[in-house]
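Each chain, written out:
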Number of protein chains: 2
Amino acid sequence: MWDVSFIPLRPGSLSGPVTERSDAARNRERLLGAARELIEECGADGLTMDRLAERAGVGKGTVFRRFGSRAGLMMTLLSDSEADFQARFMFGPPPLGPGAPGLERLVAFGAARIAYVLEYGELARAADESAYNRFDVPAAVLWHRHIELLLRAEGMDADPRLMAMALSATLDPERLLHAVRVHGIEPGRLVESWRELVTRVVRGA
Amino acid sequence: MWDVSFIPLRPGSLSGPVTERSDAARNRERLLGAARELIEECGADGLTMDRLAERAGVGKGTVFRRFGSRAGLMMTLLSDSEADFQARFMFGPPPLGPGAPGLERLVAFGAARIAYVLEYGELARAADESAYNRFDVPAAVLWHRHIELLLRAEGMDADPRLMAMALSATLDPERLLHAVRVHGIEPGRLVESWRELVTRVVRGA
DNA sequence: ATATTATCCGGACCGTAGTCCGTTTAGACG
DNA sequence: CGTCTAAACGGACTACGGTCCGGATAATAT
């Protein structure tokens, strides 16, 4: 299994000096710990940058120096599970990983993504909201490219890039969470609907 | 042509007394005029509620009393064009209106929606953003139901409601605008891709 | 004309995300 | 160990959306 930790979840996370000053590292750990505590207690929406700074015992400027924005913090909190998800659909066992036909991989990708959103949805939503270019975040670009790749593997002729965009839109965390939480849609129905959708899109060629 | 102005763009816009106090009406006109001015000068994103109040010569509380929120203001500004759009796809001439086959109407709906977003996109985006339940706004529900109706008319068997949700996601203003403005996608490609998508979804039955 | 009342008005106030800049300090170098 | 500097720190500050409530006023009843 390759190490895929080089796939950054947010832009610019690899810039700057390689080494981190000890106080910076200490504060980063404090902040991440405090953030997880606060989310445990108040939910993702209940985490404010002021409270986080207070809980971690650092200044507010330090929080923004570390993570750039609230969305950046959320992405950092998601980065482990996100890297795991990426590893699974890129290098893991089929049908999610390579080895299965494109269509099966597409279906599995949607199912895995839906499961991911159901588990980490609040964080993902918080990471998206108020992120001006949430569509250009490296992770989002990677999902998009992956779908496009699978479409091409299935012989998609008509504008695979835009087809991938359309399919990506379907998996938007905000929409999925809204369907489940507000309208009480069963996750299984979402997966089944995704299967129908991608099957028709691919077969229609 | 029917009068479809009864289709509210935002929830609650029909509640309360039928008559409006004269000073309230005067201030509403002032506010709408000032809002259009500000958007002309600074763009939709440059319109802040404080500046709007100042420009209109009213207190800030009055702005929120009128429109409830920034999103509500944006919806009010969109209500004329939105009512027109609704009238066209519900009662207008085919292929957008009734009289054409479901698939053709679906294609026309997407094309019309894309054109709409290209014209009023900034406002639509501003109306969506930070609106907690943007998916349950009456107008959005109407679009969704319309797509679902057309899918059923084409004999869609598998969960037309969720299929309609997936197709709606594709027409999200934020995504469309992002594709056009950031990635420079030609609107014609968007329309063509929509045609491919709905054709495959419908025919795949 | 006067009194009554429901509605409306205004701007002070709050919580939040994000910025700024003077101060502190880790760590490298002599 | 002392010096130096780039990096990190912290919290006051701004801008914004949204709330609140005491005072003003338009419509209505008498």
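The shown structure was predicted, so the numbers you read here are calculated from the model rather than taken from an experiment. (Residues numbered from 1 in each chain as written. Chains lettered and ligands numbered in written order. Predicted model: local features only at pLDDT ≥ 70, side-chain atom pairs only at ≥ 80, totals over all residues. Heavy atoms only, no water.)

**Details of the overall build of chain A**
Per the secondary structure count, chain A includes nine helices and zero strands. Shown N-terminal to C-terminal, the secondary structure of chain A runs as helices and strands in the order α-α-α-α-α-α-α-α-α. Its C-alpha atoms give chain A a radius of gyration of 19 Å, within 12% of the compact-globule value 17 Å for 205 residues. Counting only C-alpha atoms, chain A reaches 55 × 40 × 30 Å along its principal axes. Across the 205 residues of chain A, 49% fall into the buried class. (Helix = DSSP H or I, 4+ residues; strand = E, 2+ residues; numbered from the N terminus. Rg over C-alpha atoms; globule rule 2.2 N^0.38 Å. Buried < 20%, exposed > 50% of the residue type's maximum accessible area, 1.4 Å probe, protein only.)

**Description of the packing of helix α1 (residues 22–42) of chain B against helix α2 (residues 49–56) of chain B**
To describe two helices that pack against each other, one gives the angle between their axes and the distance between the axes. Residues and elements named next belong to chain B. At a closest axis distance of 9 Å, the pairing of α1 and α2 adopts a crossing angle of 120°. Accordingly, the angle class assigned to the pair α1 and α2 is oblique. Where α1 crosses over α2, the two elements pack in a sense that is right-handed. On α2, the residues touching Arg30, Leu31, Ala34, Ala35, Glu37, Leu38, Glu41 and Cys42 of α1 are Arg51, Leu52, Arg55 and Ala56. Tallied by class, residues from the contact of α1 with α2 come to seven nonpolar, no polar and five charged. (Axes fitted to C-alpha atoms, helices over the stretch in contact; angles between N-to-C directions. Parallel < 35°, antiparallel > 145°, perpendicular 65-115°, else oblique. Left-handed = near helix turned anticlockwise from the far one by under 90°. Contact = heavy atoms within 4.5 Å. Nonpolar A, V, L, I, M, F, W, Y, C, P; charged D, E, K, R; others polar.)

**Focus on the nonpolar core**
By size, the foremost hydrophobic cluster in this structure holds 121 residues, and its most contacted members are Leu73, Leu151 and Leu190 of chain A together with Leu73, Leu151 and Leu190 of chain B. Apart from residues no more than four positions distant in its own chain, Leu73 of chain B is found in contact with Leu32, Ala35, Leu47, Met49, Leu52 and Phe67 of chain B. (Core = buried A, V, L, I, M, F, W, Y, C linked by side-chain atoms within 4.5 Å.)

**Observations regarding the relation of the copies chain A and chain B**
The transformation that overlays chain A on chain B combines an axial shift of 0.0 Å with a rotation of 180°, and the residual RMSD is 0.1 Å. Taken together, the rotation angle and the small translation identify this as a two-fold axis. Residue by residue, 100% of the interface of chain A is reproduced at the interface of chain B, so both copies engage with the same surface. (Least-squares fit on C-alpha atoms with pLDDT ≥ 70 in both.)

**Let's talk about the side chain of Asp172 of chain A**
For Asp172 of chain A, the position within the fold is in the loop between α7 (160–170) and α8 (173–181). For Asp172 of chain A, a relative accessible area of 7% gives the class buried. Those residues in contact with Asp172 of chain A, other than ones at most four positions away along the chain, are Asp128 and Arg134 of chain A together with Arg175 of chain B.

**Details of the domain arrangement of chain A**
Residues and elements named next belong to chain A. Assigned domains of chain A: these are domain 1 (18–68) and domain 2 (70–203). Placing a centre on the C-alpha atoms of domain 1 and another on those of domain 2 gives a separation of 28 Å. Listed as interface residues are 11 residues of domain 1 and, on the opposing side, nine residues of domain 2. A buried area of about 960 Å², summed over both sides, lies between domain 1 and domain 2, and 65% of it is on carbon and sulfur atoms. In terms of surface lost to domain 2, no three residues of domain 1 exceed Ala44, Asp45 and Phe67, which account for 47% of the buried area on that side. The tally of links between domain 1 and domain 2 comes to one salt bridge. (Domains from an automatic or database assignment. Buried area = accessible area lost by both parts, 1.4 Å probe. Salt bridge = Lys/Arg side-chain N within 4 Å of Asp/Glu carboxyl O.)

**Concerning the protein's contact with DNA strand C**
With respect to spatial proximity, 20 residues lie near DNA strand C, and among them Ser22 and Lys60 of chain A together with Arg21, Asn27 and Gly61 of chain B are the closest. Taking the atoms of DNA strand C that fall within 4 Å of the protein, sugar and phosphate contribute 58% of them. Note that a base oxygen of DNA strand C is positioned 2.6 Å from one of the side-chain N or O atoms of Lys60 of chain A. Between DNA strand C and Arg65 of chain B there is a distance of 3.1 Å, counted from a phosphate oxygen to a side-chain nitrogen or oxygen. The biggest single contributor to the surface near DNA strand C is helix α3 (residues 60–67) of chain B, with five residues. Its residues assigned to classes, the surface near DNA strand C comprises four nonpolar, seven polar and nine charged. (Near = heavy atom within 4 Å. Polar contact = N/O pair within 3.5 Å; in protein donor to acceptor, adjacent residues only side chain to side chain.)

**Some details on the interface of chain A and chain B**
At the interface, 33 residues of chain A touch 33 residues of chain B. Here chain A meets chain B over a buried area of about 3300 Å², counting both sides, of which 59% is carbon and sulfur. The largest per-residue losses of area from chain A upon contact with chain B belong to Phe135, Arg175 and Arg200 of chain A, which jointly make up 24% of the total buried on that side. Linking chain A with chain B are eight salt bridges. Between Arg200 of chain A and Asp157 of chain B there is a salt bridge, and its shortest N-O distance comes to 3.0 Å. Taken together, chain A and chain B are joined by 12 residue pairs in polar contact (both at pLDDT 80 or more). Listing elements by their share of the side of chain A that touches chain B, those giving two or more residues are α7, α8 and α9 (187–203) of chain A. Among the residues making up the side of chain A that touches chain B, the classes are represented as 16 nonpolar, six polar and 11 charged.

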